[in-house]
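# Structural characterization, general
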Amino acid sequence: LTPKRRSKPVRASSIPAGSPYSKELRLLAHVLETATPGDAASVCEAIESFGKNVLNPAGQWLKVAGDAKALVLTSAMRGKPRRGDILEIGCYCGYSALRMSLALPGTRI
């Protein structure tokens, strides 16, 4: 068997701004660079830090429900009926779904 070649990880800084989907690709690269694999909370932190520390200084924004909105979402999820699943509509990068899963461990989202 031939060992699989691993490609070098793409760095967020190597994706030129303005190219198609550059914001989303840079976000993905940033999360892969900074978040702990398997840790949803660290993924949320990485998404928020990308928006605050990378995009905001460049006059851009990331369409996620972070900061105070994340608290509202978490509170709403904890107030939902105990039974049933949650249907996430309009998923952009998965941030809200991650927040919901953190608020309600074991619930199918």
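This text goes with the structure placed above it.
Sequence order as written defines residue numbering, which begins from 1 separately in each chain. With the structure being a predicted model, the display of local features is reserved for residues of pLDDT at least 70 and the display and counting of side-chain atom pairs for 80 or more, all residues being used for whole-chain, interface and lining totals. Processing note: side-chain calculations cover all non-hydrogen atoms of the structure and skip hydrogens and water entirely.

### So, the overall build of the chain
For the record, the criterion: Runs of H or I in DSSP of at least four residues are treated as helices and runs of E of at least two as strands, each being numbered from the N terminus. Only protein chains enter the accessibility calculation, which uses a 1.4 Å probe; a residue is then buried when its area is under 20% of its type maximum, exposed when over 50%, and partly exposed in between. By definition, residues are in contact when any of their heavy atoms lie within 4.5 Å.
Along the chain, the regular secondary structure elements total four helices and zero strands. Summarising its shape, the C-alpha atoms of the chain cover approximately 50 × 45 × 20 Å along the three principal directions. Out of the 109 residues in the chain, the part that is buried amounts to 30%. Sequence separation of at least 24 residues holds for 44% of the intrachain contacts in the chain that already meet a minimum separation of 6.

### Some thoughts on helix 4 (residues 95-103)
Put simply, the rule reads: Think of the arc as the fan of directions from the helix axis to the C-beta atoms.
The complete set of buried residues in helix 4 reads Tyr95, Ser96, Arg99, Met100 and Ala103. All buried residues of helix 4 fall inside an arc of 135° around its axis, so they share one side. As for helix 4, its buried residues are in contact with helix 2 (40-55) and helix 3 (68-78).

### Observations regarding unusual backbone geometry
For Tyr21, which is not glycine, the phi torsion reads 60° and is therefore positive. Relative accessible area serves as the criterion here: at 64%, Tyr21 is assigned to the exposed category.

### Comments concerning the side chain of Arg99
Mapped onto the secondary structure, Arg99 falls in helix 4. Owing to a relative accessible area of 18%, Arg99 belongs among the buried residues under this scheme.

### Some thoughts on the environment of Glu33
One can find Glu33 in helix 1 (residues 22-34). With relative accessibility at 34%, the residue Glu33 sits in the partly exposed group. Sequence spacing of Glu33 and Gly18 is 15 residues, and the spatial spacing of their C-alpha atoms is 21 Å. Those residues in contact with Glu33 that sit more than four places away from it in its chain are Val10, Arg11 and Ala12.

### Topic: the pattern of salt bridges
Put simply, the rule reads: Only one rule defines a salt bridge in this text: a Lys or Arg side-chain nitrogen within 4 Å of an Asp or Glu carboxyl oxygen.
Scanning the model with the defined rule gives two salt bridges in all. For Glu48, the salt bridge is made with Arg99, and the minimal N-O distance between the two is 3.0 Å. Separated by 51 residues along the polypeptide, Glu48 in helix 2 and Arg99 in helix 4 bring together distant segments of the chain. Relative accessible area serves as the criterion here: at 17%, Glu48 is assigned to the buried category. Residue Arg108 pairs with Asp85 through a salt bridge whose shortest N-O separation is 3.1 Å. A residue pair is termed long-range when its members are at least 10 positions apart, and Arg108 in the segment after helix 4 and Asp85 in the loop between helix 3 and helix 4 qualify at 23 residues. Residue Arg108 is classed as exposed on the basis of its relative accessible area of 60%.

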